Amino acid sequence: MTSTIVIVDDDPVQRRLAEAALTRDGLSVATYGDGPSALDRLAGADAEPVDAMVLDLVMPDMDGIAVLKSLRERGADVPVIVQTAQGSIDVAISAMRAGAFDFLVKPVAPERLAKTVRDAVKVARTNLAPAETAARGRARLKPVPVELVGDGREMERVRRLIKKASSSDIPVLIEGESGTGKELVARAIAAKGPRAGRPLVIVNCGAIPDNLVESILFGHEKGAFTGATEKHTGKFVEADGGTLFLDEIGELPLAAQVKLLRAIQDGHVEPVGARAGRTVDVRLISATNRDLIAAVREGRFREDLYYRLNVFPILTPSLRARADDLPALVAHIAARQAHRAGRAQEPVITDAAMAVLRSYDWPGNVRQLENELFRAIVLSDSGTLDAADFAHITAQIDPVRQAAAPRQTAPNRLLVPAPNDAVPAAPDTGNGADRQWQPDTDPHRLPLLDADNHARALSDIEADVIAHALGHYDGQMSEIARRLGIGRSTLYRKLREYGIGEPRH
C-alpha cells in the first residue's frame, strides 16, 4: 500500500525538493503552502488518511508549532517530521515536545528525508512504539528480521560475525564505505540475541548540529539553555533495555565524546542542566565510514573512546569485493524497486545489462546500485532491462576503456620489457645511444624514447602507465590506485590532467 505524505512549507522551492525526494521513494505526496490548508486536508469525515507530515516550523500567520498544537487538540495521531533552519534549532526542541516525531535541519539530503519519513510511517502503522513515544519524537523501533543478500565469501564472513556479536552485549564497531549496509548489519545484530524484541534506537551523529549533540543523546532539563522550555529525554534513556545504534560516530564533537565515554563505562548519563544523572542499560553498536585510527592520531577522536567502541569490529565489504553476489543483489533490488515504482512484474535483466553492471566498480556501493536500478526501472518502457537502460553507467565506463587501449607508438623505439619476458635481440651498431628495438606488439611494453630517439618526458611515461593500468585492471579504480602506490583522489586528478578519460564517481 502506497503511503500518503503531506508536505507543509511556505517556500515553493523547498516544497518541490521535498516532494521530489519522497515521490522518488515511491510515496504519494500532497503539498500545502500554509498550516490552515494542511489542517483542512486532515479534517472532515470523508478526508483521506495521511501517513505522515513534513512540516516547516517557520511560516507566516500560522507557524509549525501552532500546527502541531492544533493537531494535538484535534486528536490527530499522524507522525510529524519538522524541518528547521540553523537559526531556529532551539524552536525544534519545543516542536519535539509539541508532538513532532523527529526533526531535520535544512538543507536535508533527499535520502535522509525519505528514510526519516519511512521510519515515521513504520512506527505509526505497526505501533512498535507507544503513542506517547511517537508524540515525543522518539525513534524507537523494535528489531525486525533482516535479510542479507549474497552467498559469497565476504557476506558469509559478515554473517558469522553477526551471529557471534548477537550472542552477547559486547560493543560493536561497524566499519565500511558509504552504502555498504552498515545499518543493515546493526539491525541484524539487534534482531538476535538476548535483547531481540526490545527497542532499537538509531541516531545519525552526522545529522545532529554540534550544539544539540549532548541534548539529543543525553537529554536536557527545562531551562538548560535558550529554547529549552520543556524537559527532553535523550536517546540513551529511550534505548534503556534495548540497543542504541550510533551511525557516523566519527562525526561526534570532542565534548560529546567525553560524556559518551562515561556513559559506556558506567552506564550513567547526565542530561544537560541536570543536577544528577541516571543509570541506563544499553547495548551499543556504532558505525563509521571514516578512518578512526587516523582521527585518533590527528586528535579529532579520543583514543580511549575508540578502544571502548572497537571491542568487536565488523568490516562491511564494498560492492567491488562482492562480485559473485552481484546477480543475486540485482535480482533482489530490482524486485523491490519495481514494487516501489508501481510495476506489476519484476523486470528481466538481460545478459548485456548484467555485463554493464559487472563492468562498473560502484564507488557508491549497494546504495548506488539501488538508485541506478530504480532509475532504469522508472525510465524503461518494457519489462526488460537491457544495456541501453544503463546508459548513465555505460557513459562512465566507456571513456575509461577507450583510454585503456594501447597507444600508438612510433617504430624503432626503445621498449621496456615486461617481467619474465625475453628481451628481443637488438642490432649492435657499436653505439649504445643508437640502440633501438624493433617494433613490438606486446601491450605490456612501454617506450622510453620518442620518435626522434630522445628520452620521453616522465609525464608522458606516467600517462602511458596509468592508461595501461586502466585496461589491465578493467577500470577498477581502487585496485589501480593501490597497485600504482597512489591515492584514489590522486589517480582521479592525474586522469584529468592527462586527459585519459572521465574517472568514475
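Bear in mind that the values here come from a model prediction, so they are computed numbers and not experimental data.

Here we take up the overall build of the protein chain. Along the protein chain, the regular secondary structure elements total 20 helices and 17 strands. Put simply, the protein chain has 505 residues, and 46% of those count as buried. When contacts within the protein chain are restricted to residue pairs at least 6 apart in sequence, long-range pairs at least 24 apart make up 71% of them. In the form shown here, the protein chain has an accessible surface area of approximately 24400 Å², with 50% of it arising from carbon and sulfur atoms.

Let's shift gears to the environment of alanine 355. Here alanine 355 shows up in helix 15 (residues 351–359). A sequence separation of 31 residues divides alanine 355 from aspartate 386, and the C-alpha atoms of the two residues are 9.8 Å apart.

With that out of the way, let us pick up the packing of helix 2 (residues 35–42) against helix 3 (residues 64–74). The N-to-C vectors of helix 2 and helix 3 enclose an angle of 20°; their axes lie 10 Å apart at closest approach. What the angle tells us is that helix 2 and helix 3 run roughly parallel. Of the two elements, helix 2 crosses helix 3, and the hand of that crossing is right-handed. Packed against helix 2, whose contacting residues are Gly35, Leu39 and Leu42, the element helix 3 presents Val67, Ser70, Leu71 and Arg74 at the interface. Per-class residue counts for the contact of helix 2 with helix 3 are four nonpolar, two polar and one charged.

Right, let's talk about the packing of aromatic side chains for a bit. Taken as a whole, this structure holds three aromatic pairs when the rule is applied. Judged by centre distance (5.2 Å) and plane angle (70°), the ring pair of tyrosine 306 and tyrosine 307 falls under edge-to-face. Taking the relative accessible area as the measure of exposure, tyrosine 306 reaches 7% and is therefore buried. Ring geometry for tyrosine 360 and tryptophan 362: centres 4.8 Å apart, planes at 80°, overall edge-to-face. One exposure class covers both tyrosine 360 and tryptophan 362, and it is buried.

Before going further, it helps to examine the pattern of salt bridges. The full count for this structure, using the stated rule, is 20 salt bridges. Between glutamate 156 and arginine 159 there is a salt bridge, with the nearest N and O atoms lying 3.1 Å from each other. Of the two residues, glutamate 156 and arginine 159 are both situated in helix 7 (residues 153–166); the distance of three residues between them amounts to about one turn of the helix. A relative accessible area of 24% places arginine 159 in the partly exposed class.

Here we take up the pairing of strand 1 (residues 4–8). The two faces of the sheet receive side chains in turn, since in a regular strand these alternate between them. Most of strand 1 sits inside the fold, with five of its five residues counted as buried. Both faces of strand 1 are covered, namely the face carrying Thr4, Val6 and Val8 and the face carrying Ile5 and Ile7. Sheet topology places strand 1 next to strand 2 (residues 28–32); five bridges connect them, and they run parallel. Each residue of the ladder has a partner; that of isoleucine 5, found in strand 2, is valine 29. The handedness of the strand 1 to strand 2 crossover, carried by helix 1 (residues 12–24), is right-handed. Where strand 1 and strand 3 (residues 52–56) come together, four bridges link them in parallel fashion. Following the sheet pairing, isoleucine 5 is matched in strand 3 by alanine 52.

Our focus in this paragraph is unusual backbone geometry. One non-glycine residue, tryptophan 362, lies in positive phi territory at about 50°. Take tryptophan 362: its relative accessible area is 2%, and that puts it in the buried class. The backbone of asparagine 365 sits at a positive phi, close to 60°, despite the residue not being glycine. By secondary structure assignment, the location of asparagine 365 is in helix 16 (residues 365–379). Take asparagine 365: its relative accessible area is 0%, and that puts it in the buried class.

On to a negative patch on the surface, then. On the surface, a cluster of negative charge is contributed by Asp10, Asp34, Asp40 and Asp61. By secondary structure assignment, the location of aspartate 61 is in the loop between strand 3 and helix 3. Classification of aspartate 61 as exposed rests on a relative accessible area of 87%.

What follows is about helix 8 (residues 182–190). Most of helix 8 is tucked away, with eight of its nine residues classed as buried. Looking only at helix 8, the buried set comprises Lys182, Glu183, Val185, Ala186, Arg187, Ala188, Ile189 and Ala190.

Thresholds applied
Residues numbered from 1 in each chain as written. Predicted model: local features only at pLDDT ≥ 70, side-chain atom pairs only at ≥ 80, totals over all residues. Heavy atoms only, no water. Helix = DSSP H or I, 4+ residues; strand = E, 2+ residues; numbered from the N terminus. Buried < 20%, exposed > 50% of the residue type's maximum accessible area, 1.4 Å probe, protein only. Contact = heavy atoms within 4.5 Å. Areas by Shrake-Rupley, 256 points an atom, 1.4 Å probe, with all protein chains shown as cover. Axes fitted to C-alpha atoms, helices over the stretch in contact; angles between N-to-C directions. Parallel < 35°, antiparallel > 145°, perpendicular 65-115°, else oblique. Left-handed = near helix turned anticlockwise from the far one by under 90°. Nonpolar A, V, L, I, M, F, W, Y, C, P; charged D, E, K, R; others polar. Phe/Tyr/Trp six-rings, centres within 6.5 Å; stacked < 30°, edge-to-face > 60°. Salt bridge = Lys/Arg side-chain N within 4 Å of Asp/Glu carboxyl O. Pairing = 2+ DSSP bridges. Right-handed = clockwise from strand over helix to strand, strands pointing away. Patch = residues over 30% accessible without salt bridge, like charges linked within 9 Å, V, L, I, M, F, W, Y side chains within 5 Å. Lys, Arg positive; Asp, Glu negative; His and termini not counted. Charge placed at Lys NZ, Arg CZ, Asp CG, Glu CD.

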